[in-house]
Amino acid sequence: MKVLTINSGSSSVKYQFIDTDTKQSLCKGLIERIGISGTNLTHKRHDGIKTKASDNITDHESTIEQILKILVNPKYGVISDLKEIDAVGHRLVHAGEKFKHSVLIDEEVREELYECIEYAPLHNPANIKGIEASLDKLPGTPNVGVFDTTFHVNMPDYAYMYGIPYNYYKNHSIRRYGFHGTSHYYVSHRAAEILGEDIKSLKIITCHLGNGSSIAAVKGSVSVDTSMGFTPLEGLLMGTRCGDIDPGVIFTIAGKENFTIDQANNFFNKQCGVQGISGLTNDMREIEAEAENGNYRALLALKVFSYRLKKYIAAYIGVMNGVDVIVFTGGIGENSDVVRNMTLGNMDALGIKLDVKKNKTTRSSETTISAGDSPVKVMVIPANEELVIAMETSRIVMGKE
Ligand code: ADP
């Protein structure tokens, strides 16, 4: 089956066209700055042929139209007719408690998706715009929603419950959900596959470190805990999100700045994290370079980032009563030997020993970077959320359990 995957954000849309029989990506691309002047499109075919274009795309409808145009473009495309798209798989951030699994999007589901907007007001509306545009431009083609929250649905109640009156959970579904599910699912299964072990017998900690970062404890193939919560704001320090914080800090800063609730939400999501501490940027490459040059605040941001990750790893070892494998993925996890070293250094008491040379040289490739005598294996596995979305889409469309 040939599946178009759509990851629709508020001002950017990522796409990939995947043959689920061979698991091969036929082409992929990104449209950025939607609704902002000077939209950029970058597109790459599996054989390396690439193109870039600039345009003024104002909305998601026109964005999907552009993607479909390039798929059938005689020079850069991979199909000659849009009928060759068997299905479209959409990344959806938050399902609340409504959807526990991926779904075929029909009228009823569409309406229910609108009801989920309140759970992730920063993400869900953009996801839904991608669905609406695709339903409009490809009538008759099945569309499937694959949720970031699904992999974490079997977390035990004591891991997802907040210390708030129970009726807020019962009546308003306020609990921890977790995100980046497709990524944690993919790298945990891939790690087991590479090691030639049954995932059901493994305890795995997966660290997805990008602009948004989260960590998951995967025991016997089930995510038993993860660092993001009701929203993607909880947990690790991120590019611009504060992660774990004393809620008292929110009241105090909101009071000092006279913030409305929306302004406070925006502040803790977009002006904090690595960028807030360093006062420089959310880009970890620049942070590392500045820290190397002796910039105190850049180094501090790097230390806070790695220290918090280290604490979560130790906590999850406690939660699972051990760990067999730790996996790093995402832009930072795959590329930053500095973060991996700062995080896992001095953890030999817990059975974690890095191979310093392998760690230093590994960039975005499937590699084991632990020392030969390390009881815990440490691996780098590049993220491939699109493949999970495409495989899930094919499974749902074919009506398989
Ligand atoms: P997103 O969450 O937007 O998908 P990515 O997974 O692409 O993010 O990760 C982006 C982050 O990865 C940025 O902070 C970027 O600086 C960082 N990154 C990419 N390459 C490197 C590198 N070589 N060293 C350190 N950080 C890197």
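Keep in mind it's a predicted model, so treat the numbers as computed, not measured.

A word on unusual backbone geometry
- A positive phi angle, close to 60°, is found at K23, a residue other than glycine.
- Here K23 shows up in the loop between β2 (13-19) and β3 (24-32).
- One non-glycine residue, N321, adopts positive backbone phi at about 55°.
- Mapped onto the elements, N321 comes out in the loop between α11 (296-320) and β12 (325-329).

Looking at the domain arrangement of the protein chain
- One can read the domain layout of the protein chain as domain 1 (2-147) and domain 2 (190-380).
- A separation of 28 Å is found between the C-alpha centroids of domain 1 and domain 2.
- Listed by partner, the interface residues are four residues for domain 1 and five residues for domain 2.
- Summed over both sides, the interface between domain 1 and domain 2 buries roughly 430 Å², with carbon and sulfur atoms accounting for 63% of that surface.
- The largest contributions to the domain 1 side of the interface with domain 2 come from Y119, L122 and H123, which together make up 71% of the buried area.
- Inspection of the region where domain 1 meets domain 2 yields zero salt bridges.

Some points on the pairing of strand β10 (residues 213-219)
- The buried count for β10 comes to six of seven residues, which makes it a mostly enclosed element.
- Two successive antiparallel strands, strand β9 (residues 203-209) and β10, enclose a turn made up of three residues.
- Across four bridges, the pairing between β10 and strand β11 (residues 222-226) is antiparallel. Counted as the bridge partner of A216 is T226 from β11.

As for the nonpolar core
- Ranked by internal contacts, the top residues of the largest apolar core, which has 35 residues, are I205, I313 and I326.
- Looking at this core, the elements that each hand over two or more residues are β9, β10, α10 (284-292), α11, β12, α13 (337-344) and β14 (377-380).
- The dominant element in this core, judged by the number of residues it contributes, is α11, at ten residues.
- If near-sequence neighbours (up to four positions away) are discounted, I313 is found in contact with I205, C207, I215, I326, T343, L344, M347 and I352.
- L4, F17, C27 and I34 belong to the second largest nonpolar core, which has 22 residues in total.

Description of the site of the ligand
- With respect to spatial proximity, 14 residues lie near the ligand, and among them N211, D283, M284, R285 and G331 are the closest.
- Within the backbone of N211, one N or O atom sits 3.0 Å away from an oxygen atom of the ligand.
- The contact in question runs from an oxygen atom of the ligand to an N or O atom on the backbone of G331, over 2.8 Å.
- When the ligand is considered free in solution it has 580 Å² of accessible area, and contact with the protein chains removes 72% of it.
- Taken together, the elements giving at least two residues each to the shell around the ligand come down to α10 and α12 (330-335).
- Residue contributions to the shell around the ligand peak at four residues, all from α12.

Looking at the environment of L344
- Mapping L344 onto the fold places it in helix α13.
- Overall, L344 belongs to the buried group, its relative accessible area being 3%.
- When near neighbours in sequence (up to four residues on either side) are disregarded, L344 contacts K310, I313, I326, F328, I352, L354 and V378.

Overview of the sheet that holds strand β7 (residues 103-104)
- The eight strands lie next to each other as β5-β4-β3-β2-β1-β6-β8-β7, forming an open sheet whose pairing is mixed. The open sheet terminates on both sides in strands that have one partner only, identified here as β5 (50-55) and β7.
- Looking at chain direction, β7 and strand β8 (residues 143-147) are connected through two bridges and run antiparallel. From the neighbouring strand, V103 faces β8, where its bridge partner is G145.
- Most of the contacts of helix α15 (residues 385-397) go to strand β6 (residues 87-92), to which it runs at about 125°, and overall it touches β1 (2-8), β2, β6, β7 and β8.

What counts as what
- Each chain has its residues counted from 1, running along the sequence as written.
- Owing to the predicted nature of the model, reporting of local features is limited to residues with pLDDT of at least 70; listing and counting of side-chain atom pairs is limited to 80 or more, with chain, interface and lining totals taken over all residues.
- Side-chain numbers here rest on the full set of heavy atoms in the structure, without hydrogens or water.
- Think of it this way: any DSSP run of H or I at least four residues long counts as a helix, any run of E at least two long counts as a strand, and we number them from the N terminus.
- Each domain span listed reflects an automatic or database assignment of domains.
- Note on contacts: a residue pair is in contact if any heavy atoms of the two residues lie within 4.5 Å.
- Take the accessible area each of two parts loses on contact, using a 1.4 Å probe, and add the two losses: that sum is the buried area.
- Whenever a carboxyl oxygen of Asp or Glu lies within 4 Å of a side-chain nitrogen of Lys or Arg, that contact is scored as a salt bridge.
- Any residue under 20% of the maximum accessible area for its type is buried, any over 50% is exposed, and the rest in between are partly exposed; the area is computed with a 1.4 Å probe on protein chains only.
- Here, a strand pair is defined by DSSP locating no fewer than two bridges between the strands.
- Remark: nonpolar core denotes a set of buried residues (Ala, Val, Leu, Ile, Met, Phe, Trp, Tyr, Cys) joined through side-chain atoms within 4.5 Å.
- Residues are labelled near a given molecule or strand when at least one of their non-hydrogen atoms is within 4 Å of it.
- Pairs of N or O atoms are called polar contacts if they sit within 3.5 Å, as long as, within protein, a hydrogen donor faces a hydrogen acceptor (for residues adjacent in sequence, only side-chain-to-side-chain pairs).
- Each accessible area is a Shrake-Rupley result for a 1.4 Å probe, and residues are judged covered by the shown protein chains and nothing else.
- A fitted line through C-alpha atoms represents every axis, and for helices the fit uses only the stretch in contact; the resulting angles, taken between N-to-C directions, go from 0 to 180 degrees.

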